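Examining the three-dimensional arrangement
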Amino acid sequence: MATTDRQAAALALAHALSAAERGLAVIPLSRTKLPALRSPHRDGPAPATPCHGECGRLGHGVHDASTDPARIRELFAAAPRATGYGIACGLPPHHLIGIDLDTKTGTDAFAALRELARRHLFTIPATVIVLTPSGGRHLWLSGPPDVVVPNSAGRLAPGIDVRGAGGYLVGPGSRTDHGPYTTAPGTARLAPAPCPPALLRLLLPPPRAHRPTPPSVGGRGQGLVQFVLAAHEGQRNTRLFWAACRAYEDGIGPALVDPLVGAALSTGLSEREARATVASAARVTGHQP
């Protein structure tokens, strides 16, 4: 068994290095699909603020992820029992989004995704598909650089989980207690396809209660500006992008640029950042910024 473990670890490292060549940041995983390195803070008092690797030590989960071969070898050397690797989502250059279609719930998650595509008028693009030992599938998509897609479980439909910023996907070539992860035939050489705009909007947080709207903004744009005004730190770009996409789809994008940017400025975004996010929404929805 020890020899098998060593072989699995060597293969995991080789696959991880290959993924890094494609710009995918990786970490070593154990057979249970969890990060193979334990937290350096486990035996002492918890840091006053969550540590994401600022201490300089290994063992911070997805925050250890790297595309640097030397760093990856260091991570795997510190985790000699690793038999797989995780791919961090949300990082450049791909800003990976993982659509996890599960089979454990007894539902047909892929059929549920097709139904979402039919109802919301988007096409599921040809992209990398990873087959899981349980019969599920992971679809790899790329997102815009200025949008934070959160992780979710079952929010889109039963059996559909989403891996976004702060999450990771088990990489093809990994071995777990239940078997190997493999790339679906014909998809290994594909790049992650851009996430369809209609699907991207479904992945973003839905609107919630809003602050009062400035009287200078009227008509259909009021709710969108309120939505941006209600953003907290960590969700400002995401809310602005969602609102701008909706504005362009409603045909009021150009008229609402300045009100949306003004609302974003009031939440703490810089004007340059806000206008870049609105321009990205224009491009994603097929309009000129």
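Nothing here was measured: the structure is a model prediction, and the numbers come from that model. (Residues numbered from 1 in each chain as written. Predicted model: local features only at pLDDT ≥ 70, side-chain atom pairs only at ≥ 80, totals over all residues. Heavy atoms only, no water.)

Take helix H6 (residues 236-249) next. In a regular helix each residue adds 1.5 Å, so 14 residues correspond to 20 Å; H6 covers 20 Å between its end C-alpha atoms and thus fits that length. Within H6, burial applies to Arg236, Asn237, Thr238, Arg239, Leu240, Phe241, Trp242, Ala243, Ala244, Cys245, Ala247 and Tyr248. Looking at the buried positions of H6, the neighbouring elements they touch are helix H4 (197-203), helix H5 (222-229), helix H7 (253-267) and helix H8 (271-284). With its phi angle positive at about 80°, glycine 251 sits one or two positions after the end of H6. (Helix = DSSP H or I, 4+ residues; strand = E, 2+ residues; numbered from the N terminus. Expected span 1.5 Å × (residues − 1). Buried < 20%, exposed > 50% of the residue type's maximum accessible area, 1.4 Å probe, protein only. Contact = heavy atoms within 4.5 Å.)

A volume near 330 Å³ is recorded for the largest pocket. Considering the residues around the largest pocket, the lining is formed by 17 residues, among which Lys33, Asp100, Lys104, His138 and Tyr181 are closest to the centre. Those elements that provide at least two residues to the lining of the largest pocket are strand E7 (160-163) and strand E8 (168-170). With three residues, the top contributor of residues to the lining of the largest pocket is E8. Taken together, the residues that form the lining of the largest pocket break down as five nonpolar, six polar and six charged. (1 Å grid on protein atoms, 1.4 Å probe; cavity = no way out; pocket = protein on both sides within 12 Å on 5 of 7 lines; lining within 4 Å. Points joined across faces, edges and corners; volume = space filled by probe spheres on them. Nonpolar A, V, L, I, M, F, W, Y, C, P; charged D, E, K, R; others polar.)

What follows concerns the nonpolar core. If you look at the biggest cluster of nonpolar residues, it comprises 52 residues, and the most contacted ones within it are Ile97, Ile99, Ile160, Leu203 and Leu260. Top element by residues in this core is H6. It accounts for eight residues. Apart from the residues within four sequence positions on either side, isoleucine 97 is in contact with Leu139, Trp140, Leu141, Ser142, Gly143, Val149, Val162, Arg163, Cys195, Leu200 and Leu203. Ranked by size, the runner-up nonpolar core spans 31 residues in total, among them Leu13, Ala16, Leu58 and Ile87. (Core = buried A, V, L, I, M, F, W, Y, C linked by side-chain atoms within 4.5 Å.)

As a further point, take the state of the cysteines. Taken as a whole, this structure holds zero disulfides when the rule is applied. A disulfide-free cysteine, cysteine 51 has its sulfur positioned 3.8 Å from the sulfur of cysteine 55, the nearest such atom. In this structure cysteine 195 is not part of a disulfide, and its nearest cysteine sulfur, from cysteine 245, lies 11 Å away. (Disulfide = S-S within 2.5 Å.)

Inspection of the secondary structure assignment puts arginine 81 in the loop between helix H2 (69-77) and strand E2 (84-88). The exposure class of arginine 81 is exposed, given its relative accessible area of 67%. Linking arginine 81 and arginine 31, residues 50 residues apart in sequence, is a C-alpha distance of 8.5 Å.

Per-residue confidence for the protein chain gives a mean pLDDT of 88; residues scoring 70 or more make up 92%. Per-residue pLDDT stays below 50 along residues 209-217; that stretch engages in 19 contacts with residues further than four places along the chain or on separate chains. (pLDDT = per-residue confidence, 0-100.)

This paragraph deals with empty space enclosed by the protein. All told, the structure shown has two cavities of 30 Å³ or more when counted by the stated rule. In this structure, the largest cavity spans a volume of roughly 50 Å³. As for the largest cavity, its lining consists of Gly23, Leu24, Ala25, Ala88, Leu91, Pro92, Pro93, His94, His95 and Leu96. Tallied by class, the residues present in the lining of the largest cavity amount to seven nonpolar, three polar and no charged. What the second largest cavity holds in volume is close to 30 Å³. In terms of lining residues, the second largest cavity is bounded by Ile27, Pro28, Pro35, Ala36, Leu37, Gly61 and Asp64. Class assignment of the residues belonging to the lining of the second largest cavity gives a composition of five nonpolar, one polar and one charged.

For the rest of this paragraph, the subject is the sheet that holds strand E1 (residues 26-29). Taken in spatial order, the three strands of this open sheet run E1-E2-E8, and their pairing is antiparallel. The sheet is open, and its two edges are formed by E1 and E8, each paired on a single side. For this sheet the average axis-to-axis angle between neighbouring strands, irrespective of direction, equals 35°. Note that E2 and E8 share three bridges and pair antiparallel. (Pairing = 2+ DSSP bridges. Axes fitted to C-alpha atoms, helices over the stretch in contact; angles between N-to-C directions.)

Looking at the secondary structure, you find aspartate 146 in the loop between strand E5 (137-142) and strand E6 (152-157). Within the structure, aspartate 146 has its side chain in polar contact with the side chain of serine 280 (distance 3.4 Å). Apart from residues no more than four positions distant in its own chain, aspartate 146 is found in contact with Asn237, Phe241, Ala276, Thr277 and Ser280. (Polar contact = N/O pair within 3.5 Å; in protein donor to acceptor, adjacent residues only side chain to side chain.)

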